[in-house]
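# Structural features, examined
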Amino acid sequence: MESMLILGDLGSFINELYNGILSWQFLQFVVLFISIFGFVLTSATLLVLAERKVMAWMQDRLGPYHTGPWGLLQTVADVGKLLLKEDIHAGQTDKAVFLFAPSVFLAPVIAAFAVLPFSPYLTLPGSALATGIVYLVAMSSLDVVGVVMAGWASNNKYSLIGGLRSAAQMISYELPLVLALVGVVMLTSVLDPHGAGVGTISLSGIMNLQSTGVYPGKGTALWDFVFQGFTPWTWFFLVQPLMLLIYYTCGLAETNRAPFDLPEAESELVAGYLTEYSGMRWAMFFLGEYGNMTIVSAIASLLFLGGFSGPAVAYLTGLNTIWWGLLGNLLALGYFVFKIYGLCFVFIWIRSTLPRLRADQLMQFAWLILIPTTLLNIVVTGGLYLVLNALGISNLIFLIALGVLNWLMVFAFIWVVQRATTATTRSAQAPAIRARQRAVAARVPAREAAPQLPEQSGVAGGSAS
Amino acid sequence: MVANQNPGVFSELETSAEGIKTQEMLLNMGPQHPSTHGVLRLVMTLEGETVVNCTPVIGYLHRGIEKILENRTVMAGIRYMDNCDYLSPMLNETAYASAVEQLMDIEPPRRAQYIRLLVNEMQRIASHLVGIGTYLMDLGAVTPILWSFRDREGILSLFEALGGSRFNVNYMRVGGVLHDFPRGWLTECAAFLDRFEKNMDELGGLITGNEIFEARTQGVGYVDQQQAIAYGLTGPMLRASGIKWDLRVNRPYGAYREVPVNVMIRQEGDCFARYKVRFDEIFESIRLCRVAIERMPGGAICVRTPIALRPPRGETYFALESSKGELGIYFISDGSEYPWRAKVRGPSFVNLQILPELLRGHKMSDVIAILGSTDIVLGEVDR
């Protein structure tokens, strides 16, 4: 009897498992998991190629063009090479940490994709996560652990300096990055559809708030087709442009891209924490970095540019037929990827334009300019709402006023940054440096402190130069 | 703690005011490093990221050019001068040929002098382009180097049409130059200069007003006038410190006796000033090239010299304004076909001496900014 009972339980268990695996939810999960994982890996390859081609275009040269038509297979060949390469690790490295660091760097990047909605259907259960932004920020801060591990374990001074620079930089820029997003989160509580003033930090929630606006000619077939769920005039970058700018700048620093690529500054630190890595472990860092780029762009487009909303998406998916729904989802995916790559293009554009900042200037920029500005923005947003709400003025007027104010702040911000850099460099530095030189020279008499070369340390009377 | 730190390279622990144990770190930069412009090795003592002291170690590119010159006939030596400052071979050749001419008391024909002026100024442009491009590359901007190399390629193509070789042209001769212009070369050159001037405006727009570039270079690596003179700096390094010294004006030679040159100087004495001096000199060189094309006289391109060239017994010193400063040849002849001694006074070598003085107290990122702004060529430092 007992065995029969167990068998019966097992049967029902198998039955449930069978039903579960064949259920639409599970199928959705599998499709989405595979497509997102594929997207992360392919996107890095594509971005590398795009970067080389776009930079070649900006620099008046051809870029890769031998492998495949127009060099399209170049990165595929590169990945093949990296996979086949010998996995070298230098002697006297901290082996466990050295081997583990690339995984620690890459894992949070892939995990972060769990909360990104790609289209109405291609949405992991995680994208409804009520703490979406917190989760993303947490994942992107975890990256620094991998970088510091790599820098420490490499047993190389350049790697160590690169890792430590990276730690300082990522931690400093995490703050304005989060504070910039707070502006948007405050808007969501103002725009709460239930009128309860409860905001949301879930990504799909914030995205939906940007696509539920009214549009002219509602009910007309053509207008419905185009503008249902696509209302660019309610996108948050119109209300909070400065925060998009700051978020994007911090994103550059978070992903170690130019002009904030100090941790791997080629001309100073050879390759920073990447110096001792080769083969697939190096490629994992690279993959993580480009994955990070994609995430920063994806968050920017979700929070400020309406995510995957675009013409005809909501209309086609609303028809509830499978083929039109599929078309609608493909369109949504297309819009989203287009927005992501558009922002990635700006990454590449900036890289080919700007020189690199110095470490102390980098810190100054974060702590003295970005953080006060974002804090000011929070105060302005909240204060303006309090005042206008007390006067009984509608939310629409508040949004317009805030938008105008924020656009003015963009120009003020650019002006302030210009003034700050010119003021600090032009007038102040030359005498200061002279004084510092004198001070250092007085502290360390030049000839006595000249470093002894290791190979000459035993030679009597050998002068250093 | 990894068992990695070689105790020999660290100084003893010092305790800071907060009670934190600190130690200075010895960092070897180079000879294989992306931004030491060849094989310069800098042994630096760092305190955090601040440079406490620095010792440049040279000699990794030593080829014994001066000794080679002693073992080659005077004519054959010109070709070895190409490899000295390998970014401005034409200027090196001119210096060597002119030193021999000065010793033999030969005056090249006027046309040869103008050809020399033209190719020298073009070479100066090419050298400054490399200097600016690699400097910006060191500072992390990737585009300027490719733009400047694109334009430099135009100059090298013109040299190829002229002398048969892009780079080690071997074009100068004692008493003149090797070839006259091919047909249409001057027109092509003038057209190139027009194109190039537009490109330079674009390049200047990309670099000069850039706030990050200004923040990285202004006030960094300051050299005051006394220091510049005391260290014997020449060229853009000297002129950026506000001293008006240019051999093309102060000791004119060749066609510079007829073509006046505007000396570009800046008062700031920092990295930005050195960059700007080079940048302005490019425009001045374009102007000089145009003047040379316009005034190009006819006549012979070379005086007749004996095949076995025997300079008379004696010694001489000839210096010209190379792209990096005063390039001097001290030439001693014992009356044979071979120079008894040919000493090269390379401006890069002399300008490099101030580097430890400049680096002290700066951040590690500034090391690159300062080293790049001195615009040295290791081929000339080590010879």
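Not measured: the values here are computed from a predicted model. Chains are numbered independently. Their residues run from 1 in the order of the written sequence. To read the labels, note that chains go from A and ligands from 1, taken in the order they are written. Where local features are concerned, this predicted model is filtered to residues with pLDDT of at least 70; where side-chain atom pairs are given and counted, the filter is 80 or more; whole-chain, interface and lining totals use all residues. Hydrogens and waters are ignored; side-chain quantities use all the structure's heavy atoms.

### A short note on the overall build of chain B
Counted only if it meets this: Put simply, DSSP marks the helices as runs of H or I at least four residues long and the strands as runs of E at least two long, and each gets a number from the N terminus on. Note on method: radius of gyration uses C-alpha positions; expected globular size equals 2.2 Å times residues raised to 0.38. A simple rule labels every residue: compare its accessible area, found with a 1.4 Å probe on the protein chains alone, to the largest value its type can have, and call it buried under 20%, exposed over 50%, or partly exposed in between.
Each helix and strand in chain B was counted, giving 15 helices and 10 strands. By the compact-globule yardstick of 21 Å for 383 residues, chain B fits well, its C-alpha radius of gyration being 22 Å. If one aligns the C-alpha atoms of chain B with their principal axes, the spans along those axes are about 80 × 50 × 35 Å. In chain B, buried positions account for 63% of the 383 residues.

### Brief notes about the overall build of chain A
For clarity, the threshold we go by: Note on contacts: a residue pair is in contact if any heavy atoms of the two residues lie within 4.5 Å. Values of accessible area rely on a 1.4 Å probe in the Shrake-Rupley scheme; residue burial ignores everything except the protein chains shown.
When you go through chain A residue by residue, the secondary structure sums to 16 helices and 0 strands. Burial analysis of chain A (465 residues in total) assigns 45% to the buried set. If you take every contact in chain A between residues at least 6 apart in sequence, the share linking residues at least 24 apart comes to 75%. A total accessible area of about 22,300 Å² is found for chain A, and carbon and sulfur atoms account for 72% of it.

### Observations regarding the nonpolar core
Selection rule: We define a nonpolar core as any set of buried Ala, Val, Leu, Ile, Met, Phe, Trp, Tyr and Cys residues linked to one another through side-chain atoms lying within 4.5 Å.
Residues B:Leu42, B:Met44, B:Tyr96, B:Leu118, B:Met122 and B:Tyr171 are the most contacted members of the largest nonpolar core, which totals 110 residues. In terms of residue count, the dominant contributor to this core is helix H4 (residues 110-138) of chain B (12 residues). Counting 80 residues, the second largest nonpolar core, distinct from the first, contains A:Val48, A:Val184, A:Trp235 and A:Ala253.

### Some points on a nonpolar patch on the surface
All names here are of chain A. Condition: Residues form patches when they are more than 30% accessible in relative terms and have no salt bridge. Like charges link within 9 Å. Nonpolar side chains (Val, Leu, Ile, Met, Phe, Trp, Tyr) link within 5 Å. Salt bridge criterion: a side-chain nitrogen from Lys or Arg within 4 Å of a carboxyl oxygen from Asp or Glu.
Residues Leu10, Phe13, Ile14, Leu17, Tyr18, Ile21, Leu22, Phe26, Phe29, Phe33, Ile34 and Phe37 make up a contiguous nonpolar surface patch of about 1,200 Å² in total accessible area. Elements represented by at least two residues in the nonpolar patch include exactly helix H1 (2-21) and helix H2 (24-58). Of all the elements, H1 adds the most residues to the nonpolar patch, at 6 residues. Taking relative accessible area as the criterion, Phe37 reaches 34% and is therefore assigned partly exposed.

### Some points on the side chain of A:Ser352
Condition: By the criterion applied in these results, polar contacts are pairs of N or O atoms within 3.5 Å in which, for protein atoms, one can donate a hydrogen and the other can accept it, and in which residues neighboring in sequence qualify only through two side-chain atoms.
Counting through the fold element by element, A:Ser352 comes out in helix H14 (residues 322-353). Overall, A:Ser352 belongs to the buried group, its relative accessible area being 3%. Of the polar contacts made by the side chain of A:Ser352, one reaches the backbone oxygen of A:Trp349; its length is 3.1 Å. For A:Ser352, the contacting residues outside a window of four places in its chain are A:Met55, A:Met58, A:Gln59, B:Val142 and B:Thr143.

### So, the pairing of strand E10 (residues 339-345) of chain B
Residues and elements named next belong to chain B. Selection criterion: Only when DSSP finds a minimum of two bridges between them are two strands counted as paired.
One ladder, built from 6 bridges, connects strand E9 (residues 326-333) with E10; its direction is antiparallel. Its bridge partner being in E10, Ile332 is matched across the sheet by Arg341. Connecting the antiparallel pair E9 and E10 is a turn made up of 5 residues, with Gly335 showing a positive phi of about 90 degrees.

### Let's talk about unusual backbone geometry
Residues and elements named next belong to chain B. A positive phi is found at Asp375, a non-glycine position, where the angle reads about 50 degrees. One can find Asp375 in the loop between helix H14 (364-374) and helix H15 (378-382). Look at Asp375 and you get buried, because its relative accessible area is 8%. The backbone phi angle of Arg383 is positive, close to 55 degrees, even though this residue is not glycine. Looking at the element boundaries, Arg383 is found in the segment after H15. Note on Arg383: relative accessible area 10%, which makes it buried.

### Observations concerning the packing of H2(A) against helix H3 (residues 74-84) of chain A
Residue and element names in this part refer to chain A. Put simply, the rule is: Throughout, an axis means a line fitted to C-alpha atoms (over the contacting stretch in the case of helices), and angles, computed between N-to-C directions, take values from 0 to 180 degrees. Angular relationships are summarised with four words: roughly parallel below 35 degrees, roughly antiparallel beyond 145, roughly perpendicular across 65 to 115, and oblique for the angles in between. Note on convention: the crossing is left-handed when the near helix lies turned anticlockwise from the far helix by less than a right angle, right-handed when the turn is clockwise. Any residue outside Ala, Val, Leu, Ile, Met, Phe, Trp, Tyr, Cys, Pro, Asp, Glu, Lys and Arg is labelled polar, Gly included; the first ten of those are nonpolar and the last four are charged.
It is at 9 Å that the axes of H2 and H3 come closest, and there the two elements cross at 125 degrees. Put simply, H2 runs oblique to H3. Crossing angle aside, the handedness with which H2 passes H3 is right-handed. Contacts between H2 and H3 involve Thr45, Val48, Leu49 and Arg52 from the former and Gln74, Thr75, Val76, Asp78 and Val79 from the latter. Of the residues in the contact of H2 with H3, the class split is 4 nonpolar, 3 polar and 2 charged.

### Comments concerning helix H4 (residues 95-112) of chain A
Residue and element names in this part refer to chain A. This is how the line gets drawn: A helix is expected to reach a length of 1.5 Å times the quantity of its residues less one. One axis is fitted to the seven residues ending at the residue and one to the seven starting there. The bend at that residue is the angle between these axes.
Taking 1.5 Å per residue, 18 residues should reach 26 Å; H4 reaches 27 Å between its end C-alpha atoms and fits that length. Along H4, the sharpest kink reaches roughly 30 degrees, centred on Ala101 and followed within four residues by the proline Pro102. For H4, every residue scored as buried is listed here: Phe98, Ala101, Pro102, Val104, Phe105, Leu106, Pro108, Val109 and Ala112. In the core, the buried residues of H4 are packed alongside helix H5 (132-153) and helix H12 (279-304).

### Side note on the packing of aromatic side chains
Residues and elements named next belong to chain A. As a reminder of what qualifies: Aromatic contacts are taken between Phe, Tyr and Trp rings whose centres are within 6.5 Å, Trp giving its six-membered ring; a plane angle under 30 degrees counts as stacked, one over 60 as edge-to-face, and the others as tilted.
Within this structure, the stated rule accounts for 19 aromatic pairs over all chains. A ring pair is formed by Tyr247 and Phe304, whose centres lie 6.4 Å apart and whose planes are at 35 degrees; its orientation type is tilted. Here Tyr247 is found in helix H10 (residues 241-254), whereas its partner Phe304 is found in helix H12, with 57 residues between them in sequence. The exposure class of Tyr247 is buried, given its relative accessible area of 2%.

### Concerning the sheet that holds E9(B)
All names here are of chain B. The sheet built from 3 strands is open, its strands ordered E8-E9-E10 with antiparallel pairing. Every other strand in the sheet has two partners, leaving strand E8 (314-321) and E10 as the edge strands with one partner each. Across this sheet, the average inter-strand angle for adjacent strands is 15 degrees, counted without regard to direction. Sitting on the sheet, helix H3 (residues 89-104) touches E8, E9 and E10, and the angle it makes with E8 is about 145 degrees.

### Looking at the confidence of the model for chain A
All names here are of chain A. As a reminder, the rule being used: A residue's pLDDT is the confidence the predictor assigns to it, expressed on a 0 to 100 scale.
The predicted model of chain A has a mean per-residue pLDDT of 77, with 83% of residues at 70 or higher. Highest mean pLDDT in chain A belongs to H10 (87); lowest belongs to helix H11 (residues 266-269) (63). The low-confidence segment residues 446-450, where pLDDT is below 50, has 6 contacts with residues more than four positions distant or belonging to other chains. Here residues 452-465 is a poorly scored stretch, pLDDT under 50, and it has 15 contacts once near neighbours within four places are set aside; other chains count.

### Points about the pairing of E8(B)
Residue and element names in this part refer to chain B. Relative to E9, E8 is paired through 8 bridges, and the arrangement is antiparallel. Residue pairing in the sheet places Ala319 in a bridge with Gly328 of E9. Linking E8 to E9, which pair antiparallel, is a turn of 4 residues; within it Gly325 sits at a positive phi near 145 degrees.

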